[in-house]
Every structure is written in C-alpha cells, then in structure tokens.
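Here's the letter readout for the chains.
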Amino acid sequence: MTKKRYKYVPKNLKELLVEMKDTSELMIDLAYSAMIYDDEDIAEEVMHLEEKMDMLDYHVKMGAMLSTRRIEDGEQLLGVLEVAAASEYIANAAMEISKCVLMDISIPDRLKVALRNADETIVKVRVNEESEMVGQTLGDLELDIEAGMWIIAIRRNADWIYAPTKETRLRQGDVLIARGHDEGVPLFFEKATNKIYTPRKVIDCNETAGFEQAIEIIVEMKNMCELSVGLAYSALLLNNKDIAQEVQSIEQTLDEMKYEVQELVLEAACSMESPSELKGVLILASASEKISNAASDIADPVFREIGLHPIIAMAVRESDEIIIKIEVASCSPILGKSLKELRLETETGIHILAVKRDNRWIYSVSGRITIHENDILIARGSRVGEEALIEMCTCPVDLK
C-alpha cells in the first residue's frame, strides 16, 4: 500500500492527542467486534481508521518540532511524542486483529463466546420498532449510567456511524455495537429489542485440555492489556510512578503469557483435524502483548521522570472516556460495601482500575473488594458517570 503524502496544517497538539487516544481505543473495540461477529465491514473501517492515525501521528510530530525552542521544551515534548507513538502502536495491533477477518483467518467459536464474556464484553443488537430507544438520543438514554454499556458503533442501512456522540438519535432497525460489563447486557438487549436476553450456549467441540487453557489465557490477556492501557493513562494524569511500575509489570506478565499460548497451541495442533484456525489464536495473543507494550511506552515518561507537558494530562481528561481519581470520605454511604454490591459498572458506567489503601495499590480489583474510609479510587468512564461516583464517595447532602 502506497503511503499518502500529508500536507501540514497547524493543529492544536492537545486536540490531536485526544483524537489519537480516542481513535486507537475505538479501533481495538471495533477490531474485537469484527472478529467476534465475522463482520468485514467493521474490519475494513478499522483499516481506514489506521490511515487516519497515520495522519494524526504526522501532525503531532510536525507540531512538536515546530513548538520546540529550548532544550526544556524538547524534553517535555518528548513525552508527547512517546504517547502519540504508543497510540499508533495500539492502532497497529487493532489492524492485525482485523486482518484475521479480511484474510478469512477464523478463530474457534468457543473463543468468540469467551471473548464476549470477558471483563468488558461486546454485544451486537438491532433496535426493534417498538423499542423505547427509537427516536431517543444517546444523551437522553444515558446507557452508560442505566446499563453500564457504551455504544461504539451504529450500522444504519448500508452506512456506519463510529464513535457516536450524545446527540446521535437512534432509529428503528439500527444495529448497535456496544461495549460494557456483562451484567448490563440483559438490560441493554431488552431495551433495544423488547425481548428477553438469552446467553449464547457454548457448543462442546471436544478440544484438548491444552487448547481450552489457551482460550482462557487469551481472554485473560485481553482483560490485562486493556487494564494496562487504562493504568498507563492514569499514571500520566497523576504523574504516578507506582502505577507506571505496575504497567511495566503487566507487560512482563503478558510476554510470558504469549509464549505459554504459543506452546499450548503447538501442542494442540498435533491432535486437531483442522489446526489452521489456531492462526487466529496466535494473532490475538501477539496483538494483546503489543497493546501492553504500547501501554508501557505510554507510562514510560513517568517511570523515567521525564518532565510531562501539561497538554498530556489535559488530553487524558478531555477524551471520550476520562480518567477519574477520588478519595472516599469518612461519611460516604458506600463505606463497607463491596464493589459487587455497588454494581458501579451498571449503575454509573464507571470501571474501577485500581484502589489505593494505606499507601498500597490494589490493581486486581474484584467484586469482593469492600470500600474503606480514605480509599483512593482510580477509574475510567464518562463525565456523567464521574458525577455519580463523586456523589457516592462524598458525604450525603442534608436537604433540611
């Protein structure tokens, strides 16, 4: 493919970083959607978005070079370039996943179902003519608050709407691609279709134990690489070396997991009639590892104590999904409750990335964790979800 020649047009560096972050994360979601649903249209759009990323990367580099006047400027802008390059690496990993669909490299149905049941699942529904969603905007519906689901793409007749905004109005027959917590899927499905949600059953294909283990590792790699990206941006926003160190630790773990998957796949291929579908498994393992590498690059300026340019933190705060940091007050109504009881993903659309307690960070955040006084929560979600989380973590307002 011949690379396009870009013409430089002055652009705001902060806005460019926001767009690169949002676009690269959208590409990952779309790539997994394309693979799970064998949708070539979505896969093609990922490839088009990669061209957009190349253009954005070019403008960031040009803008950074033209903004440099002193050594101090160069040092700060070095972090900007590292973040931009890492977003480009994430986009490249998404492109590799999409190529599986375009090159007809299949993955086992069992893995598709397992990916839908990952920490953040992907679901595809069609809006029924009698649905309450018809005629409503995404802002009116507040699906991130009501069901903990984000609409990442809409297919309307032959056209696609990617990264729809809160002003986007839904129509009868729209096909919605959404990402969120699996607890919110039934509510989202019923709102859109007016039907009761029935989970897809897994067909027993008599795969080997090693292959089953490889599938479990792939799903865990997807969860961990997505966590590493969220933590990396958190490290940038908070300029926190502890979180940056955890991102590097996750990267090392995913390196080991990739090699384990490769070994298990090679062993399983010997006993399978059609080992060709294992190609997709290997590509997914490699893509997850590359995403974690990119996350490590995002956090690298913090870890090496490179002076961060202010626009980096501003870009993280102004993207589609923002990073949130809040301390739980001593009078908060959620004290003593577990994350499972609170159901933050479905009640606020907020995903907790990490908890700081008594100068110790907890990164493997499960539903069993209970909220303590003075806990510091690091989370990602929408601005509406942020307001709901702030209300939950602070003292109730006395209206008397």
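Residues numbered from 1 in each chain as written. Predicted model: local features only at pLDDT ≥ 70, side-chain atom pairs only at ≥ 80, totals over all residues. Heavy atoms only, no water.

K.L.:
Got a sec to walk through the overall build of the chain? Specific residues and values, please.
P.N.:
A tally of regular secondary structure across the chain gives 14 helices and eight strands. On C-alpha atoms alone, the chain measures out to a radius of gyration of 21 Å, which is about the 21 Å that the 2.2 N^0.38 rule sets for 400 residues. A principal-axis box enclosing the C-alpha atoms of the chain has dimensions of 60 × 60 × 45 Å. Burial analysis of the chain (400 residues in total) assigns 54% to the buried set. Considering only intrachain contacts with a sequence separation of at least 6, the fraction spanning at least 24 residues in the chain is 81%. Distance between charge centroids for the chain: 4 Å, based on 45 positive and 72 negative side chains. (Helix = DSSP H or I, 4+ residues; strand = E, 2+ residues; numbered from the N terminus. Rg over C-alpha atoms; globule rule 2.2 N^0.38 Å. Buried < 20%, exposed > 50% of the residue type's maximum accessible area, 1.4 Å probe, protein only. Contact = heavy atoms within 4.5 Å. Lys, Arg positive; Asp, Glu negative; His and termini not counted. Charge placed at Lys NZ, Arg CZ, Asp CG, Glu CD.)

K.L.:
Kindly report on the packing of aromatic side chains, identifying the contributing residues and their values.
P.N.:
Evaluated as defined, the whole model comprises three aromatic pairs. Here Phe-189 and Tyr-197 contribute two aromatic rings whose centre-to-centre distance is 5.3 Å and whose plane-to-plane angle is 65°, an arrangement assigned as edge-to-face. Here Phe-189 falls in the buried class, since its relative accessible area comes to 19%. According to the relative accessible area criterion, Tyr-197 is partly exposed, its value standing at 27%. With a centroid separation of 6.0 Å and an interplanar angle of 15°, the aromatic rings of Trp-361 and Tyr-363 are classed as stacked. Over the aromatic face of Tyr-233 sits the side chain of Lys-21, whose NZ or CZ is 4.8 Å from the ring centroid. A cation over a ring is seen here: Lys-222 above Tyr-32, with NZ or CZ 5.0 Å from the ring centre. (Phe/Tyr/Trp six-rings, centres within 6.5 Å; stacked < 30°, edge-to-face > 60°. Lys NZ or Arg CZ within 6 Å of the ring centre and 35° of its normal.)

K.L.:
Run through the sheet that holds strand S4 (residues 175-180), naming residues and quoting values.
P.N.:
In space, the four strands of this open sheet follow the order S1-S4-S2-S3, with antiparallel pairing throughout. Two strands in the sheet have a free side with no partner beyond their single neighbour: strand S1 (121-126) and strand S3 (159-162). Here the strands of the sheet are splayed against their neighbours by 20° on average, with no regard to which way each runs. Pairing geometry for S1 and S4, over six bridges, is antiparallel. Bridging from a neighbouring strand, Arg-126 pairs with Val-175 of S4. Across the sheet, helix H1 (residues 13-37) lies against S1, strand S2 (149-156), S3 and S4, angled at about 65° from S1, the strand it touches most. Lying over the sheet, helix H2 (residues 40-67) contacts S2, S3 and S4, oriented at roughly 55° with respect to S3. (Pairing = 2+ DSSP bridges. Axes fitted to C-alpha atoms, helices over the stretch in contact; angles between N-to-C directions.)

K.L.:
Which residues make up the state of the cysteines, and what values go with them?
P.N.:
Here a disulfide denotes one covalent bond, and it connects the sulfur atoms of two cysteines. The full count for this structure, using the stated rule, is one disulfide. Residue pairing for Cys-331: its cysteine sulfur links by disulfide to Cys-395, the two sulfurs lying 1.5 Å apart. Of this pair, Cys-331 sits in the loop between strand S5 (322-327) and helix H12 (339-342) while Cys-395 sits in the segment after helix H14 (383-393), and the two are 64 residues apart along the sequence. Exposure remark for Cys-395: the relative accessible area of 39% places this residue in the partly exposed category. No disulfide involves Cys-225; its sulfur sits 14 Å from that of Cys-100, the nearest cysteine. (Disulfide = S-S within 2.5 Å.)

K.L.:
Can you break down the sheet that holds strand S6 (residues 351-357) residue by residue, with the values?
P.N.:
Spatially, the four strands line up as an open sheet ordered S5-S8-S6-S7, and their pairing is antiparallel. At either end of the open sheet lies a strand with only one pairing partner, and these are S5 and strand S7 (360-362). Strand-to-strand twist across the sheet, computed as the mean angle between neighbouring axes with direction ignored, equals 20°. Direction of pairing for S5 relative to strand S8 (residues 376-381): antiparallel, over a ladder of six bridges.

K.L.:
Account for H1, naming residues and giving values.
P.N.:
Between its first and last C-alpha atoms H1 spans 36 Å; for 25 residues at 1.5 Å apiece the expected length is 36 Å, and the two agree. Summarising burial for H1: 22 of the 25 residues are buried, a large majority. Residue Asp-38 follows H1 closely and has a positive phi angle near 50°. (Expected span 1.5 Å × (residues − 1).)

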